[in-house]
Amino acid sequence: MNPFPVAWRISKPWPFMFWINVFLWAGFHIFPVIIGVMVGRVFDALDQGDQNLAITALWIYLAVIIGRLVLFQSSILSYSRLWHRMILLVRRNLLDYLMRAPGSRVLPMSTGAAVSTFREDSDQLVDYVENLLDFFGLAGFLATSIWIMRSISPTLTMWAILPMIGAFIATRALSGRIKMYRERLRTSTESVTGFIGDFFTAIESVKATGTSGPMIDHLAELNEDRQRSALRDTFLDQLVRSLNRNMANISTGLVLLAGGSLIQAGQISIGDLTVFLIYIPRMTGYMAWGGQMLAQHFRARVAVTRMMRLMVDAPITQITDPAPLWQDGQPPAPAPAVLSPERRLRRLTVTDLSFGFPDGDAQGIREVSFTLDRGSFTVVTGRIGSGKTTLVRVLLGLLPRDSGEIRWNDELIRDPSSFLVPPRSAYTPQVPRLVSDTLVSNITMGRSLDESTLGEVIDLARMTTDLGQLESGLDTVVGTRGARLSGGQVQRSAAARMFATNADLLVFDDLSSALDVRTEAELWKRLFELRDATCLVVSHRHPALQRADQIILMKDGRVDDTGTLQELLGRNEEMRALWEETN
Amino acid sequence: MNPEETAEKSRLNLDVLRPYLATRRGWFALAALSIIIGVGLELWIPQILADFIDEAFGDVPLSQLVRLATIYIAAGVGAQLMSIASRYVGTAIGWSVANDLRIDATRHVASLDLDYHTHTSAGALIERVDGDIDAVAKMFSHFAVQVISGILLLGGIFVLTFRENVLAGWTVVIFSGFVVLAMYLLRGFAVAATKAERGTSAELYGFIEERLAAIEDIRANGAGDHVMTTFETVMRRYYTRSVSAWIKRSVIWTTSIGMFSLGTLLALAVGAYLVFQGQITYGVAFLIIQYMSKLEGPIEEITDQMQEVQKAAAGLGRLRELFNRQPTVPRVGTSSLSTDPLEVEFASVTFAYDSEPVLDDVSFRIAPGTHIGLLGRTGSGKSTITKLIARFYDASSGTVLLDGRPIADIEEASLRARVAMITQDVQLFEGSVRDNVAMFVPDHDDALIENALNEIGLGQWLASLPEGIDTHLDTAGKGLSSGEAQLVALARAYLLDPGLVILDEPSSRVDPATEIVLSAALDRLIQGRTAIIIAHRLATVAHVDEIMVLEHGRVVEHGRRADLAASPDSLFAHLLETAKDGLIRDEVQL
C-alpha cells in the first residue's frame, strides 16, 4: 500500500499549518547556503586585504544565524501543534472505526500488538509526513548549493558530487542486508529474553528437577548466537555510517586533487575553495538523510498496511478522514434510548446461522435455528466447547456469520453488530471487561440515569452488598481493567451495566462465577417482576434450566435438541447426562 | 527518593565487573590503540588541509599539491577504518562481558530460594539479567569508545589550536567551557514537562489498550459514542502536555544550534582578525574554523552518554545487590536415595513463613508405593508440604524424612533425580520436543524420550510431528493445548524414573476427552511409585489409596480413601457431596 496518498491526505484538515511549516523548514535548511558564501567572501577579503568587505560579510553571517534561529524556534512552535494533531487524528480514526463502525469487529491480533499499531505505526506514518515536509528544504539546499558550486567550477562540482552519489547507491544496495541483520538481531534477542522469562517462570519445576545447569548452558548458546548477530549488525551499521561520513573526506580530497592546477592557474580564488570545503560535509549529510527518507517510505508502507490489517475492512481513507479531535464543551450525556412500542421485540427469529473460525481452533456453529418470543426465558446449554458462547457472539454480530438469517419481528437484520445494541439488546460476556474509571461510569457508560433507576439496576444485579464493601461505593475507581474488584464483582457490575441500558433483549453468557445458585434464582425472579425483558442465557445451572421456557441444547456446534427441561430430560440422553453431572 | 540517594545509586562502581575485565586486557589494548590512532588522524586531517591551502596559494610545484591531496584522502580513509575498528572492538568487549555476566547472574538467581522467586516476577528478573546487563554492555560499546575518543579529541583540539596561536586557543577553550556550562544549566529545564508528557502518553495508550480489550463489551452494549467522547478528554490532555514539553525541549535545541553556529562565526572572526594582523596564514584561519566545528560532535556525545552512564551505574548497583543475596537452604547432604519407591515421613514438622505459622506440628507417614490425595482449602498448607519434600525450604522445627533419612543429609542431585514434582502451571520452552521433555539435559537417549512420550499417551501426537522429537516447538509451545502441555510435564517426570511423584493438579477444567487421557497418563506415571497428589478432580481422588485433609496447617483427617468415603461424618465424605462439576474447589467449605 503506497503511503504517499495517505500522508498527503493527513495534512488536509490543516493546509495552512502544513504549508507554513514547509516554508519555515525550507528556510531553515537553505539558509546555510548563504553562510558558505559569506565564509568565502571573508577569505577573499583576506586575500585582497579588504577589511570592510570582511566585516560586512561577518555581519551578514551573524544576521543569517539569528534569522535561522528565529525560523527554527517558530517552526517548532507551529510544527509541534501540527505533529500532535496529525498523530491524534490517525489514532482517533483507528479507535473510532474499531469502536463504532458497522460490521463485526474482532481484533485480528493480540491487544498488545494492536496497541503497538496505535503507538508505533501511527508514529511511522507521521514521521514520513515530516520527511515529506523536510524534503523541500533538503532539495532546496542541494539545488542551490550545487548551483553556486557550478558557477564557480563545473569540473570541481562534478568531483565533489560523484563520491556522494556513489555512497548513496552503496548505502541503498546494503540496506536490504542491514535490514536482514537487524531482523536477525531482533529474533535472537527475543530468543534470549524469551528463554530467560520462561526459565524464571518455570523456576519451581527447574529447581525440582535440578536442571538449571543444562538450561543455563542452553542460554549460553542463545547468548553467543545473539552476540554474533549483534556484532555483524554493528559492523555493517558502522560501515554504512562511515561510508557516508567518509565520502565528505573523499569528495574534499578529489576537489583538492583536481583543484590544484585550477588554483595555480588563478581560476579559483581562496574564497571559492572555502565555499566547496564548507558545502561538501553538509551536502554529504543531506545525501545520507535523503537515503533515510527513502527508507522511511518503506517503513510507512508497512505501517499503513498494519493499520489496514487492524481495521480489517475499512477503506484506506479511514486513516486520514478529517474529524474533530475534540469539541469545546462536552455534549450532555444522553438518557438511555427507548424503542417506540411498535419497534419493540415481539419475536426474534434465527434461521440456519453458521460460523466457522478461520483457523478452526475453536468450535464454530452450524445451521443453528431458534425463535425467541417476547418475555420468554431461553437457556443455551451444552458441554464445554459445544459452541454456546460462539452462538451468542455470532448472533450479536461480534463474530461475522458465514450464513443464516436473523429477523427482529419481521425485519431482516443486515448488520447485527450495529442493530443488536441498546435499546434493542444488551450483553454480558463470560469474562466481562471493565475500564479504569469509577464503578458508576462503568455501569452507566455515559448514559444519564436517575437515582431510582440506578438503585433498581444495582439491586437487580445483586450488588448492594458489594457497594457496602467498596471504600467509595459507586464512586470507587475500579483500577486497570477492573483489577480492584473481585471476579464476581466484575461480573455483577457487567450485569448491572446491561440492566442500565433498559434493552428489550438481554443476553447473558454464564453468570455462574458471579452468583451462587440461590442468588441467581432470585435474580431471575426479580428480573421478571420488574422488567418486561426477553432473556437469552448461556448456563448449565439448575435454576436457569428449571425456569427456562425453552432450552437450546448445543452439541458439537449444532442444536442437538430444543424444548423445555421436562421434554429434554424425557427424550435426550445428552441432556440427562448434563443434568446429572451438574447435580 | 531524595536526590542524595539517587546520586549515591548512580555513582559508577565497577566492583562487579572487575573479574570480567581482567581477562580481556588484550581486547582493551586493541580498542585503545584504534581509538588513539583514529583520534590522531582526525586531528591531523584539518592540518593537511591547512597546509594545502597555504601552499596552493603560495608558490609550490603542482606535484606537491597532488601529494597533499592524496595524503588527505588516505588519512580520511584511515580515520574511518579506525573508527569502525574501535566501535567494533568496543561492542565485542561489551557483548562478551555482558554475556558472561548474564550467565553468572542467571545461575546465581536460579540458586536463590524459591521464596525470592515468588516475590519477584519473571518480568522483573528479565529486567535485571537482560535490561540492566544490556545497559552495562552499552557502556562499553558506546560510552567507553565515544566518550574517551571525544575527550581525546577535545584535548587534542585545544593543544593544537594553542600551538597555532594563543588567542585562537583561548577562544576555543573559553567557548567550549561556555557551551558545557550552558548545557549543564539547561539540563533540567524540560525534565518536569517531559515527565508529564510521558504520564499523559501512558494514559493515552492505557485508554486505548483497555478499550480494545473490552471491544465486545463496548460494541454489544452500544458504548462506542461514550468511548469516543471520553477519548476526546484524554486526547486534549495529551495534546496540551505533549506540545508544551516539545516547546520546552526546543529551547534547549535552539540554544545548542545557536551556540555552535556562533562558535563557527567566532572562529572565522578571530581567524580573519589574526590574518589581518599578520599573525597566521589563511590555512591556519581555516584550520581554526574546522577545529571549532569539530567541537560539536564530542561535546554532544559526552552529554548524551552521561545519561547512559547513569543507567549503567544504576544497573550495576542493582546487579551488586542481586549478587549479594544468598540462598538460605544449605546443600551439603551426601547420602543417596535408593532406587525403590520412597517412603515419606514428617516428624512434628512446623514451618513458619515470615513468623506466620503455615504448618503446625505435622506428623504423618506415607508408606512406599502409596498414592495419597492431599485436600484442603487454599492456604491450608498442602503446597507447603510438597515444597518441604522438594526441599525448597527447610522446616522451622521437626524433620522431614525421605527413605528413612533426614532430607538435609540427602545429596542434592540424588534428591532431584528421585523426586519428580509437577507444578500446576506447566511452562514449555522454545526449543525441540526433546529439549522440552529432557529439560535441556543433553545425555538422554532418543529412545528413552520417545518411550516416555509414548507411555504418557503422546505417542500419536509425536508421530504426527514432522521431525519427531527434534521438532521445534514454537515460542514456548504455543501450538500445544493446556492438556498437552500437562502431558509433556508428565513425560518429563516419567523420563526421570523417580521414586516419588508430587503432582499439583491444575484446578481448571479440561475437556472430557483430555481428562480421560490425563488420568490414564497419571496412572501409568505413578504405578509402582509413591505419589502425593494435590487433587482438584473427583476422578483423580477416586484412584488414590489414602486421603489426607489439611486445615490451618494441621492434618485433620488421614486415612484410607475407601474407609473415609464410607464413613458418613468424615470431612472427605462431606466434600464429595459438595463438590460440583467434577471439580473440588479450594474454596469449598469443609
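Positions within a chain are numbered from 1, following the residues in the order the chain's sequence is written. Here every chain gets a letter starting at A, and every ligand a number starting at 1, in the order they are written. Reporting in this predicted model follows two pLDDT cut-offs: at least 70 for local features of residues, and 80 or more for side-chain atom pairs to be given and counted; totals over whole chains, interfaces and linings ignore these cut-offs and use all residues.

Further remarks concern the sheet that holds strand S8 (residues 534–538) of chain A. Residue and element names in this part refer to chain A. Here a strand pair is declared whenever DSSP counts at least two bridges between the two strands. Here a strand is any run of E in DSSP of at least two residues, a helix any run of H or I of at least four, and the numbering for each starts at the N terminus. Pairing is mixed in the open sheet, where six strands are placed in the order S6-S7-S8-S3-S9-S10. Each having just a single partner strand, strand S6 (425–428) and strand S10 (558–563) make up the two edges of the open sheet. Each adjacent strand pair in this sheet contributes to an overall mean axis angle of 15 degrees, direction not counted. As defined by bridge partners, strand S9 (residues 550–555) adjoins S10 across five bridges and the pair is classed as antiparallel. In the sheet register, Leu553 faces S10, and the bridge partner there is Asp561. By the criterion used throughout, residues are in contact when their C-beta atoms, derived from the backbone, lie within 7 Å. Under this scheme, a helix contributes an axis fitted over its contacting stretch, all axes are lines through C-alpha atoms, and angles between N-to-C directions fall in the 0 to 180 degree range. Set on the sheet, helix H14 (residues 487–500) makes contact with S6 and strand S7 (505–509); between it and S6 the angle comes to about 180 degrees.

Bringing the sheet that holds strand S1 (residues 347–355) of chain A into the picture now. Residue and element names in this part refer to chain A. Reading across the sheet, the four strands line up as S2-S1-S4-S5 and stay open at both edges, with antiparallel pairing between neighbours. Each edge of the open sheet is held by one strand with a lone partner, namely strand S2 (365–373) and strand S5 (411–412). Taken together, the six bridges between S1 and S2 define a ladder with antiparallel strand orientation. Note on S2: the bridge partner recorded for Thr349 is Thr371. Packing of helix H9 (residues 388–395) onto the sheet brings it into contact with S1, S2 and strand S4 (403–408), and relative to S1 it is tilted by some 115 degrees.

To continue, consider the interface of chain A and chain B. Contact residues are listed per partner, giving 110 residues for chain A and 102 residues for chain B. Tallying contributions element by element places helix H7 (residues 212–264) of chain A first for the side of chain A that touches chain B, with 27 residues. Residue classes in the side of chain A that touches chain B are distributed as 59 nonpolar, 37 polar and 14 charged. Under the scheme applied, nonpolar residues are Ala, Val, Leu, Ile, Met, Phe, Trp, Tyr, Cys and Pro; charged residues are Asp, Glu, Lys and Arg; polar residues are all the others, including Gly.

Bringing the pairing of strand S10 (residues 530–534) of chain B into the picture now. A regular strand places its side chains so that they alternate between the two faces of the sheet. All names here are of chain B. Counting other C-beta atoms within 10 Å of its own, a residue is labelled buried from 20 upward, exposed at 12 or fewer, and partly exposed in the gap between, with every C-beta atom placed from the backbone. Across the five residues of S10, five count as buried, placing the element largely inside the fold. Burial of S10 is two-sided: the residues Thr530, Ile532 and Ile534 facing one way and the residues Ala531 and Ile533 facing the other way are all buried. Alignment of strand S3 (residues 371–375) against S10, held across four bridges, turns out to be parallel. When the bridges of S10 are listed, Ile372 appears paired with Ile532. As defined by bridge partners, strand S9 (residues 500–504) adjoins S10 across five bridges and the pair is classed as parallel. Looking across to S10, one finds that Leu503 is bridged to Ile533.

This part takes up the environment of A:Leu553. All names here are of chain A. Mapped onto the elements, Leu553 comes out in strand S9. The sequence separation of Leu553 and Gly382 amounts to 171 residues, and the corresponding C-alpha distance is 5.5 Å. If we skip the residues at most four places from it in the chain, Leu553 touches Thr381, Gly382, Asp560, Asp561, Leu568, Asn572, Glu574 and Met575.

By definition, a nonpolar core groups buried Ala, Val, Leu, Ile, Met, Phe, Trp, Tyr and Cys residues that connect through C-beta atoms lying within 7 Å of each other. In this structure, A:Val42, B:Leu490 and B:Ala491 are the most contacted members of the largest nonpolar core, which totals 329 residues. With near-sequence residues (within four places) excluded, B:Leu490 lies in contact with B:Ile422, B:Ile456, B:Ala521, B:Leu522 and B:Leu525.

Residues and elements named next belong to chain B. What marks off one domain from the next here is an automatic or database domain assignment. Partitioning chain B into structural domains gives domain 1 (1–164 + 304–328), domain 2 (166–279) and domain 3 (344–423 + 501–507 + 532–578). Spacing between the C-alpha centres of domain 1 and domain 2 amounts to 26 Å. At the interface, six residues of domain 1 touch six residues of domain 2. When grouped by side-chain class, the residues that make up the side of domain 1 that touches domain 2 number four nonpolar, one polar and one charged.

Where strand S1 (residues 344–353) of chain B lies against strand S2 (residues 356–366) of chain B, seven bridges are found, and the strand directions are antiparallel. The residue bridging B:Phe351 from the neighbouring strand is B:Leu359, located in S2(B).

The next subject is unusual backbone geometry. Residues and elements named next belong to chain A. Following Pro422, the chain continues to Pro423 via a peptide bond in cis, the omega torsion being 5 degrees. Relative to the helices and strands, Pro423 resides in the loop between helix H10 (416–419) and S6. Even without being a glycine, Val312 presents a positive backbone phi close to 60 degrees. Along the polypeptide, Val312 turns up in the loop between helix H8 (270–311) and S1.

Attention now goes to helix H16 (residues 446–455) of chain B. All names here are of chain B. For H16, the complete set of buried residues consists of Ile449, Glu450, Ala452 and Leu453. Angularly, the buried residues of H16 cover 155 degrees about the axis, an arc narrow enough to put them on a single face. On the buried face of H16, the contacting elements are helix H15 (433–438), helix H17 (459–464) and helix H18 (482–496). Backbone geometry just downstream of H16 places Gly457 in the positive-phi region, at approximately 95 degrees. Arc definition: directions from the helix axis to the C-beta atoms.

Time to look at helix H11 (residues 282–294) of chain B. Expected helix span is computed as 1.5 Å times (number of residues minus one). Taking 1.5 Å as the rise per residue, H11(B) with 13 residues should run 18 Å; its terminal C-alpha atoms sit 18 Å apart, in good agreement. For H11(B), a buried count of 11 out of 13 residues is recorded, marking the element as mostly surrounded by other parts of the structure. The complete set of buried residues in H11(B) reads B:Tyr282, B:Gly283, B:Val284, B:Ala285, B:Phe286, B:Leu287, B:Ile288, B:Ile289, B:Gln290, B:Tyr291 and B:Met292. At its buried positions, H11(B) is contacted by helix H2 (15–48) and H8 of chain A together with helix H3 (25–56), helix H6 (122–164), helix H7 (166–186) and helix H10 (224–276) of chain B.

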